[in-house]
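A structural walkthrough
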Amino acid sequence: MLKLIPPLISPELLLTLAEMGHGDDLVIADRNFPAESVAASTVTGRCIRLSNVDTTEAAREILKLYPLDSFVEAPVRRMGVVDDFSAVLEVHTAMQEVIDEAEGRPIRMETVERFAFYEAAAKAYAVVRTTEARPYGCFILKKGVIFD
Ligand SMILES: C[C@@H]1O[C@@H](O)[C@@H](O)[C@H](O)[C@@H]1O
C-alpha cells in the first residue's frame, strides 16, 4: 500500500501508467476479451490482471492518476455491439459517467467495430483485464497531458 495510491492500482499497473506518455493508449477490458493474445502485440506485451473489479470501478481508480487526452476529439473508444452497432449498454453509460466526472467535462466516447477494436487494442501500450461480466465492457483510453 502507498499513501494517495488507490489500493486497486497494483505495482505493475502503477508502473505502466507512469511509463505511458501523451497519446499512448490503455485498454481496459472485460473478462471475455482476448486480453492475453491482444496484449502480446502491445508496446509492453503486458496483460495486467485485476481481480474482483469491473471496468467502471477500474476506470474510476485509474483516472484518479491518469489524464485523458484533450488534444483529440474522442479520447475514449469502446467496442460496438455486434449486429447492433448503435446500441448503448449499461456498461457504456457507466463508463461515460466515470470519464465525464474524472475530467470534469463531457468526454466523447467513440464506438469501434469489434475487429477494428481488436486491431486498435493490439497497438495500445498495454492491456488491463478486469473481471467485468457485462459484455462489451471493452475500452481504449488515450493518455493526456498534465500541465502545471
Ligand atoms: C463479442 C465480444 O467478444 C469479446 O471481445 C468480449 O470481450 C466482448 O465483451 C464481446 O462479448
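Below or above, wherever it landed, is the structure these notes cover. Everything numeric in this text was worked out from a predicted model, so none of it was measured. Once a new chain begins, its residue numbering starts again from 1 and follows that chain's sequence as written. Residue-level local features of this predicted model are given only where pLDDT is at least 70; pairs of side-chain atoms are given and counted only at 80 or more, and the full residue set underlies all totals for whole chains, interfaces and linings. Excluding hydrogens and water, the side-chain figures rest on all heavy atoms present in the structure.

**Here's the deal with the overall build of the protein**
Helical segments are the DSSP runs of H or I of at least four residues, strand segments are the runs of E of at least two, and each set is numbered from the N terminus. On a plain count of helices and strands, the protein comes out with five helices and six strands. Along the protein, helices (α) and strands (β) appear in the sequence α-β-α-β-α-β-α-β-α-β-β when read from the amino end. The principal-axis extent of the C-alpha atoms belonging to the protein is close to 45 × 35 × 25 Å. Buried means the residue's accessible area, taken with a 1.4 Å probe over protein chains only, is under 20% of the maximum for its type, while exposed means over 50%, and partly exposed covers the values in between. Per-residue burial for the protein yields a buried fraction of 48% across its 148 residues. Counting only carbon and sulfur atoms, one obtains 52% of the accessible surface of the protein, whose full area is about 7600 Å². None of His or the chain ends enter the tally, which takes Lys and Arg as positive and Asp and Glu as negative. By convention, charge coordinates are those of NZ in Lys, CZ in Arg, CG in Asp, or CD in Glu. Measuring between centres, the 16 positive side-chain charges of the protein sit 3 Å from its 23 negative side-chain charges. Surface accessibility in these figures is a Shrake-Rupley result with a 1.4 Å probe; residues are shielded only by whichever protein chains are displayed.

**Concerning the sheet that holds strand β2 (residues 47-49)**
Two strands qualify as a pair provided that DSSP identifies no fewer than 2 bridges between them. Strand order in this open sheet of six strands is β2-β5-β1-β6-β3-β4, and the pairing throughout is mixed. Of all the strands in the sheet, the pair left with one neighbour each is β2 and β4 (109-112). Across the sheet, the mean angle separating the axes of adjacent strands is 25 degrees when strand polarity is ignored. Whether two residues are in contact is decided by their heavy atoms, any of which lying within 4.5 Å being enough. Fitted lines through C-alpha atoms serve as axes, helices being fitted only where they are in contact, and the angles separating the N-to-C directions of these axes extend from 0 to 180 degrees. Sheet contacts for helix α3 (residues 55-62): β1 (25-29) and β6 (139-142); angle to β1, the most-contacted strand, approximately 150 degrees.

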